[in-house]
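In case you want the letters, here they are:
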Amino acid sequence: VHINLMEGPACLSIDEVPLLVDKQGYFRHSFQSLFAAYYVSSKNRKAIAAQVKAEMRAQMQAVAKYLPPNCELHVDSHQHFHMIPFIFKLLMELHQEIPIGYIRIAREPFFFHIKGKGILNYFGLNLIKHLLLNFLAKKCIKLLKGTHIKSPDFFVGVLFTGNITIESVTKALTVLNTKHPNQELVIEILMHPGGASKEDASLWKKYPHLVEYYCSEFREKE
């Protein structure tokens, strides 16, 4: 289940998740704004948590109904929203209702790959995301202790988000192999080959900042 709390329409109605969507029922939060809305505004904290939990439940149930009874779900999320601590805790609560067997944790090794335009990844948002997610990963791993839920040992795909290449992935795996010799590791590698043609750009009218990403030549390269 690829939990989505930031793009497109919600599963639930506007009345059920008014703090998460706009007047048309489309998600209105970014990772940063949802993080701030919960941790900065104590006024709506309980309501935000309740609505996020309800929406995640709806999305998980939408998938679970097509699977055998009590089949354990594998869970991750669009833009890693589930690694925001309060959302991860809500997933642990939902696990009591809907069995979860695996959760993605984006703990990525730091590595240098500066060939071509690779150097640009170390002077922008990707590096900040890399540092933040590695920090949040420590909290998520602690919350998983005592459960049978599995997660990857490491993750590759944040530092070079939007510009993944065979060379950058190989460098990350080489670093992991050097630091953890003779160990069998579970490593998730994230790529985003799904793109859109420029003719479809209108589908993202509500999210113009995403048009460049979805129409980028790098979608084809990935």
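To start, this report covers the structure provided alongside it. (Residues numbered from 1 in each chain as written. Predicted model: local features only at pLDDT ≥ 70, side-chain atom pairs only at ≥ 80, totals over all residues. Heavy atoms only, no water.)

## A closer look at the environment of glycine 8
- Position of glycine 8 relative to the elements: it lies in the loop between strand E1 (2–3) and helix H1 (31–39).
- For glycine 8, a relative accessible area of 12% puts it in the buried group.
- Beyond its immediate chain neighbours, meaning those up to four positions away, glycine 8 contacts Gly25, Tyr26, Phe27 and Tyr207. (Helix = DSSP H or I, 4+ residues; strand = E, 2+ residues; numbered from the N terminus. Buried < 20%, exposed > 50% of the residue type's maximum accessible area, 1.4 Å probe, protein only. Contact = heavy atoms within 4.5 Å.)

## Notes on the side chain of glutamate 222
- Looking at the secondary structure, you find glutamate 222 in the segment after helix H7 (217–221).
- A polar contact is formed between the side chain of glutamate 222 and the backbone nitrogen of histidine 192, at a distance of 2.6 Å.
- Residues within four places of glutamate 222 in sequence aside, it is in contact with Gly162, Asn163, Ile164, Met191, His192 and Pro193. (Polar contact = N/O pair within 3.5 Å; in protein donor to acceptor, adjacent residues only side chain to side chain.)

## Brief notes about the packing of helix H2 (residues 45–64) against helix H3 (residues 85–94)
- In contact at an axis separation of 10 Å, H2 and H3 are set at 55° when each is read in the N-to-C sense. As the angle between them shows, H2 and H3 are arranged oblique. For the element pair H2 and H3, the recorded crossing hand is right-handed. Counting all contacts with H2, which are made through Ile48, Ala49, Val52, Lys53, Met56, Arg57 and Met60, the residues of H3 involved are Phe86, Ile87, Leu90, Leu91, Glu93 and Leu94.
- Along the lines of polarity and charge, the residues of the contact of H2 with H3 split into 10 nonpolar, no polar and three charged. (Axes fitted to C-alpha atoms, helices over the stretch in contact; angles between N-to-C directions. Parallel < 35°, antiparallel > 145°, perpendicular 65-115°, else oblique. Left-handed = near helix turned anticlockwise from the far one by under 90°. Nonpolar A, V, L, I, M, F, W, Y, C, P; charged D, E, K, R; others polar.)

## Concerning the layout of surface pockets
- Size it by volume and the largest pocket reaches roughly 1,300 Å³.
- Contributing elements (two or more residues each) for the lining of the largest pocket: H1, helix H4 (125–144), helix H6 (208–214) and H7.
- The biggest single contributor to the lining of the largest pocket is H4, with six residues.
- Its residues assigned to classes, the lining of the largest pocket shows 19 nonpolar, 18 polar and seven charged. (1 Å grid on protein atoms, 1.4 Å probe; cavity = no way out; pocket = protein on both sides within 12 Å on 5 of 7 lines; lining within 4 Å. Points joined across faces, edges and corners; volume = space filled by probe spheres on them.)

## Details of the nonpolar core
- Counting residues in each nonpolar core, the largest one holds 50 residues, and the members touching the most others are Val52, Met60, Phe86 and Ile103.
- Elements represented by at least two residues in this core include exactly H1, H2, strand E2 (73–77), H3, strand E3 (100–103), H4 and H6.
- Ranked by residues supplied to this core, first place goes to H3 with seven residues.
- Once residues within four sequence positions are removed from consideration, methionine 60 is found in contact with Val1, Ile3, Leu73, Leu91, Leu94, Ile98 and Ile100.
- Listed in part, the nine residues of the second largest apolar core include Phe111, Val156, Phe160 and Val175. (Core = buried A, V, L, I, M, F, W, Y, C linked by side-chain atoms within 4.5 Å.)

## Examining H4
- Between its first and last C-alpha, H4 extends 28 Å over 20 residues, near the 28 Å set by a 1.5 Å rise per residue.
- Listed in full, the buried residues belonging to H4 are Asn126, Lys129, His130, Leu133, Asn134, Leu136, Ala137, Cys140 and Leu144.
- Note on H4: the residue one or two positions beyond its end, glycine 146, has a positive phi of about 95°. (Expected span 1.5 Å × (residues − 1).)

## Quick word on the pairing of E2
- In terms of burial, E2 is largely enclosed, as four of its five residues are buried.
- With two bridges joining them, E1 and E2 adopt parallel strand pairing. Note that in E2 the partner of histidine 2 across the bridge is aspartate 76.
- Note that E2 and E3 share three bridges and pair parallel. Along E3, the bridge assignment pairs histidine 74 with tyrosine 102. (Pairing = 2+ DSSP bridges.)

## Concerning the pattern of salt bridges
- Per the stated rule, a full pass over the model turns up seven salt bridges.
- The salt bridge involving arginine 57 is made with glutamate 97; its shortest N-O contact spans 2.8 Å. With arginine 57 in helix H2 and glutamate 97 in the loop between H3 and E3, this pair connects stretches of sequence that are 40 residues apart.
- Among the residues examined, arginine 57 registers a relative accessible area of 23% and is labelled partly exposed. (Salt bridge = Lys/Arg side-chain N within 4 Å of Asp/Glu carboxyl O.)

## Thoughts on a nonpolar patch on the surface
- Taken together, the side chains of Phe110, Phe112, Ile114, Ile119, Leu120 and Phe123 present a nonpolar region at the surface, about 650 Å² in accessible area.
- The exposure class of isoleucine 119 is partly exposed, given its relative accessible area of 33%. (Patch = residues over 30% accessible without salt bridge, like charges linked within 9 Å, V, L, I, M, F, W, Y side chains within 5 Å. Areas by Shrake-Rupley, 256 points an atom, 1.4 Å probe, with all protein chains shown as cover.)

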